[in-house]
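Listed below are the residues making up each chain.
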Amino acid sequence: MAVSGNLATFRLPPLPTIGDIIKLFNLRAERQLSQNFLLDLRLTDKIVRKAGKLRDAYVLEVGPGPGGITRSILNADITKLLVVEKDTRFIPGLKMLEEAAPGKIQIVHGDILTYKVEKAFPKSLRKNWENDPPDVHIIGNLPFSVSTHLIIKWLENVASRDGPFTYGRTQMTLTFQKEVAEVDVGVVHFTPLINPQIEQPFKLVEKVVQSVFQFRRKYCHRGVAILFPEAERLQRTEEMLMRADVDPTLRPYELSIPQFKSLCDVYRGLCEENSALFPYNFREELRQKKMMKRSRKYIDEEDEE
Ligand code: SAM
């Protein structure tokens, strides 16, 4: 008799609820690790559905904690789930899941910021960048203390096609706390594009975007200005915004991707004209000015004596 596809689908056996697990292992949320736990399995199922089709996929979960999202991923009939958790207190609870889903889950006690994702899954999963995304997914309810750092690191990995993107255009489904995703908790699904919208080196794009957002509620010319040394700041800021055709009175969050592209392209041109411009660091200039001021004050005081 043929076995129907549905009968072969994996489901976790009945388990204690996430609330029970938290009580059983005394898992208080630690503020310094930005922990908050998702207890409602309907919500975690909804987050996991945002990842798209997971059947037979290889999944990396960041910070599984007591395992709510982990259960939803396991119920999505994946081939392999690798979880990376920094806090040892969660390991016994995760081991319970390991017993309930034999051979499906691998627990890594470690830090996602240093974990080598490129070595996590078989090489046979790798696909060419131009092909459809590989059967590799990253999912996580990110601790906000590390989310900004992590996402910038992974965006740089997208640009250089290494780290998690050694496998190709690996998809990521990540939950961000308010501010980053502009709601209390937002789920963002990323699929890297075949061709970047801004064809400039990652470090240059990062510098322009970071500078513009330095004063996120002010007009964008304030942030653009810190790309230039004080002596030429006014003139260069005006020139850059004019050449990029960007209205100086827009707020950073009002700028479109084509406007950022235009700013990056013009800045690249200015850096090519003046090789000292890209290494210029606004904070360093400020620090040196303060030191000069302090030593001048010290010399003046000595003169008075
Ligand atoms: N995924 C769980 C949920 O949704 O209920 C927990 C989410 S909680 C916001 C973040 C989790 O990430 C915690 O379990 C925390 O211990 C873990 N974590 C924090 N920093 C980490 C890091 N650098 N690497 C791996 N896990 C980390």
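These notes cover the structure that comes with them. (Residues numbered from 1 in each chain as written. Predicted model: local features only at pLDDT ≥ 70, side-chain atom pairs only at ≥ 80, totals over all residues. Heavy atoms only, no water.)

1. So, the site of the ligand
What surrounds the ligand is a group of 21 residues, the closest being Q35, L38, G63, E85 and D111. A distance of 3.5 Å separates an oxygen atom of the ligand from a polar atom in the backbone of G65. Interatomic distance of 2.9 Å between a side-chain N/O atom of N141 and an oxygen atom of the ligand. Burial of the ligand by the protein chains amounts to 100% of its free accessible area of 590 Å². Across the shell around the ligand, the residue classes break down as 9 nonpolar, 7 polar and 5 charged. (Near = heavy atom within 4 Å. Polar contact = N/O pair within 3.5 Å; in protein donor to acceptor, adjacent residues only side chain to side chain. Areas by Shrake-Rupley, 256 points an atom, 1.4 Å probe, with all protein chains shown as cover. Nonpolar A, V, L, I, M, F, W, Y, C, P; charged D, E, K, R; others polar.)

2. Re the packing of aromatic side chains
A complete count under the given rule lists 6 aromatic pairs for this structure. Relative to F278, the ring of Y267 lies with its centre 6.4 Å away and its plane at 55 degrees, an arrangement referred to as tilted. Of this pair, Y267 sits in helix α9 (residues 257–273) while F278 sits in the loop between α9 and α10 (282–304), and the two are 11 residues apart along the sequence. Judged by relative accessible area, Y267 falls into the buried class, the value being 0%. (Phe/Tyr/Trp six-rings, centres within 6.5 Å; stacked < 30°, edge-to-face > 60°. Helix = DSSP H or I, 4+ residues; strand = E, 2+ residues; numbered from the N terminus. Buried < 20%, exposed > 50% of the residue type's maximum accessible area, 1.4 Å probe, protein only.)

3. Here's the deal with the packing of helix α6 (residues 202–212) against α9
Contact pair α6 / α9: the axes reach a minimum separation of 10 Å and the direction vectors enclose 115 degrees. When you trace α6 past α9, the crossing you get is right-handed. Touching L204, V205, K207, V208, V209 and V212 of α6 are F260, L263, C264, Y267 and R268, all from α9. (Axes fitted to C-alpha atoms, helices over the stretch in contact; angles between N-to-C directions. Left-handed = near helix turned anticlockwise from the far one by under 90°. Contact = heavy atoms within 4.5 Å.)

4. Structural notes on the pattern of salt bridges
Per the stated rule, a full pass over the model turns up 15 salt bridges. Note that K86 is salt-bridged to D111, the shortest N-O span being 3.8 Å. One end of the pair, K86, is in the loop between β2 (80–85) and α4 (91–100); the other, D111, is in the loop between β3 (105–109) and β4 (136–141), and 25 residues separate them in sequence. With a relative accessible area of 49%, K86 lands in the partly exposed category. Judged by its relative accessible area of 25%, D111 falls in the partly exposed class. Across the pair R268 and E272 runs a salt bridge, and its minimum N-O distance is 2.9 Å. With R268 and E272 both in helix α9 and 4 residues apart, the pair spans about one turn of that helix. A residue is classified by how much of its surface remains accessible, and E272, at 57% relative accessible area, is exposed. By sharing partners, the salt bridges in this structure join E232, R236, E239, R243 and E273 into a single network. (Salt bridge = Lys/Arg side-chain N within 4 Å of Asp/Glu carboxyl O.)

In short, shape yes, function no, at least from these values alone.
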